[in-house]
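This is what each chain is made of:
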Amino acid sequence: ISDNLKPCPLCPEEKYKACYSHKLHRHLQNLHWKVSVEFEGYRMCICHLPCRPVKPNFIGDQTFSKMGAHYHCIVCSATITRRTDMISHINRHVNKGETESRFIIVLKESATEVRVLPNYSTPQKTDSYFNPKMKLNRQLIFCALAVLAEERKPIECLDAFGATGIMGLQWAKHLRSSVKVTINDCNENSVTMIQENCHLNKMKVKLNAKEEDNDEAMGDGEENTDTIEVTKMDANVIMHLRSFDFIHLDPFGTSVNYLDSAFCNVRNFGIVSLTSTDISSLYAKAQHVALRHYGCNIVRTEYYKELAARIVIAAVTRAAARCNKGIDVLLSVALEHFVLVVVRVLRGPSPADDSAKKIRYLIHCQWCEERIFQKEGNMVEENPYQQLPCDCHGSMPGKTAVVLGPLWSGALFNTGFLRRMFFEAAHYGLDEAQSLLKTLVCEAECTTLKPYSIYSSYDENKQEECGVYIKTPNTSAESLLIHGKRKSEEVVQNAGKRQKSENSAEHPAFYYNIHRHSIKGMNMPKLNKFLSYLCEAGYRVSRTHFDPMGVRTNAPLAQFKTILMKYSAPTYTGGQAEGPVHLAEGIQAGEQVEAAADSKAEDDAEFVEYDKSEVAAATLTKDYPTYCAAD
């Protein structure tokens, strides 16, 4: 095209060829400007470009395709066909107060800026989906990657569903030379947006492996520090073609379709993290969908969030076992909007068999909500109800229990890994992740003690995961795990014992909601005081992040209710004293709690203070007058 001929910016070349400026002006005036829609000083002209797909019409043996004329909404970037529909669409934005007429919005999170479209919060209608509510999820994944980066450098990590690329940009910006980041997405518009966001954060983009050698602007020292590889392909394809040390899956909905590909080429002792947002099926609102996706029978229970986490881990375990790999669960979090699971991959048929053995069925009583995992073995029991600690089957008519699962019956957390995640969260100033990780550390150890101070000295060399000692900042060079080389005989022997940890060290499965089992007409004790009462009775107890009023304990439900009733006061007393009729036993138990706290502080250097509420509860019971014991 010569300099005098100019094409129409709103029409394809085959429909309107390039012409002189006076003809182009008349074309724009008659075809585009007259039927435009005005809003906030802008005019949305009709567009004839192939932005909107149109189904072809088949007439005989010939195919006729009509160009889809449409409008682009200046607020939400939606495409509308008719002018009247476009006016109605704009009026709905005005009624909702959405009058910002700008195409690109810049959002900032953790010192990382990303450009998104105005409709970024609707995944079905945008190519730049960004959910601000998932900030905590991104912080937890970053902490897990930071811990892995301390073990071996550099590591190759993959964000299989990039969207805006916010997660991969945070990895590369903060960890820099420790990681080689690859951001993938199958949408061409999303890939373009990721490239723009990389340039916005002053990161160099490597589109494919061939450009690595041809790009003269990239220096050898700069490649790992500020270069991000952006790929456009299906997530299953890239995970089959390449090997990674860290893989994160965050599709829209379930992630079971990508598990086989993720475990196919992941390296030994690598980490796979996945975020499941199909909470309607995992939280037993759509039980048929859970059966279709996860092959699991579930019902709505008081511990439904932990049930969802165990469902996802069971699916991960089966996918890893099909690739002759076992897993070690490092972290599992189930909150309002997502279920996050982080596992470490252990290669070999022996770890795969050990992990597969931990998938079992759960017997759940529908009357009292007592639950227990079925015993191991293939023999059919004559009366499965005998496994339940409750006697509802004998006292209630009909069938009282259901079988749920298959579920993961092992531990949901790894204490050593959580401690190092907490250290990384404090190092990078991730406040939201710090508060949750504190709760997770106590929940993993099933204790009410507060975790250690981040500035206190603790021996990182003693941190062990699955019987394998992991590299930490204070580890000597002789004990490091060398990536890509065969491990020493001692490490291999320890790896054989990775799944043989004592059951007493693991936290109890599931939890009880204190409000669910409250007694009618009685005032319950405060939650922290009730935790101290359970400790006095000799049970392990802690709070849980799954439920703010949940209690994780190894006490049976009958004993749980007995202690709750023992320290509950009648409603007419106004709750001035909790458990006044049992203070004689409470005095002795309160003294035992203080003695246990003193011995615990001397033995364990990782904790610095005892829960103030427990000490207050013990002091309160100790100061009661002795005449109440006669009552």
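Each value, and the rule that gives it
- Residues numbered from 1 in each chain as written.
- Predicted model: local features only at pLDDT ≥ 70, side-chain atom pairs only at ≥ 80, totals over all residues.
- Heavy atoms only, no water.
- UniProt positions renumbered as here; feature names shortened; annotations may be inferred.
- Helix = DSSP H or I, 4+ residues; strand = E, 2+ residues; numbered from the N terminus.
- Pairing = 2+ DSSP bridges.
- Axes fitted to C-alpha atoms, helices over the stretch in contact; angles between N-to-C directions.
- Contact = heavy atoms within 4.5 Å.
- Polar contact = N/O pair within 3.5 Å; in protein donor to acceptor, adjacent residues only side chain to side chain.

By the naming in an unreviewed UniProt entry, the protein is tRNA (guanine(26)-N(2))-dimethyltransferase, taken from Bubo bubo. Note on the protein: under the UniProt heading Subcellular location (unreviewed entry), the record states "Nucleus, Nucleolus". UniProt, in its Sequence similarities (unreviewed entry) section for the protein, records the words "Belongs to the class I-like SAM-binding methyltransferase superfamily. Trm1 family."

Draft legend 1. Highlighting the UniProt feature "domain: C2H2-type" (unreviewed entry) in the protein. Sites flagged by UniProt as "domain: C2H2-type" (unreviewed entry) map to residues 73-93. In residues 73-93, helix accounts for 52% and strand for 10%; the two terminal C-alpha atoms are 10 Å from one another.

Draft legend 2. Inspection of the sheet that holds strand β19 (residues 401-408) at higher detail. Taken together, three strands build an open sheet; the order of strands is β18-β17-β19 and the sheet is antiparallel. At either end of the open sheet lies a strand with only one pairing partner, and these are β18 (371-373) and β19. Ignoring strand direction, the axes of neighbouring strands in this sheet form an average angle of 25°. Here strand β17 (residues 359-365) pairs with β18 via three bridges, running antiparallel. Pairing of H364 across the sheet is with R371, part of β18. Along the sheet, helix α12 (residues 304-322) contacts β17, β18 and β19; its crossing angle with β19, the most-contacted strand, is approximately 50°.

Draft legend 3. Geometry of the side chain of D328. Within the secondary structure, D328 sits in strand β15 (residues 325-334). At 3.2 Å, the side chain of D328 and the side chain of N414 are in polar contact.

Draft legend 4. Broad picture of the sheet that holds strand β25 (residues 550-553). Pairing in this open sheet of three strands is antiparallel, and the strands run β22-β25-β24 from one edge to the other. Of all strands in the sheet, those with a lone pairing partner are β22 (512-513) and β24 (541-543), marking the two edges. Inspection of the sheet shows β24 paired to β25 by three bridges, in the antiparallel sense. Residue R543 lies in a different strand from β25, and its bridge partner there is V551. Contacts between helix α18 (residues 527-536) and the sheet are confined to β24 and β25, with β24 contributing the most and set at about 160° to the helix.

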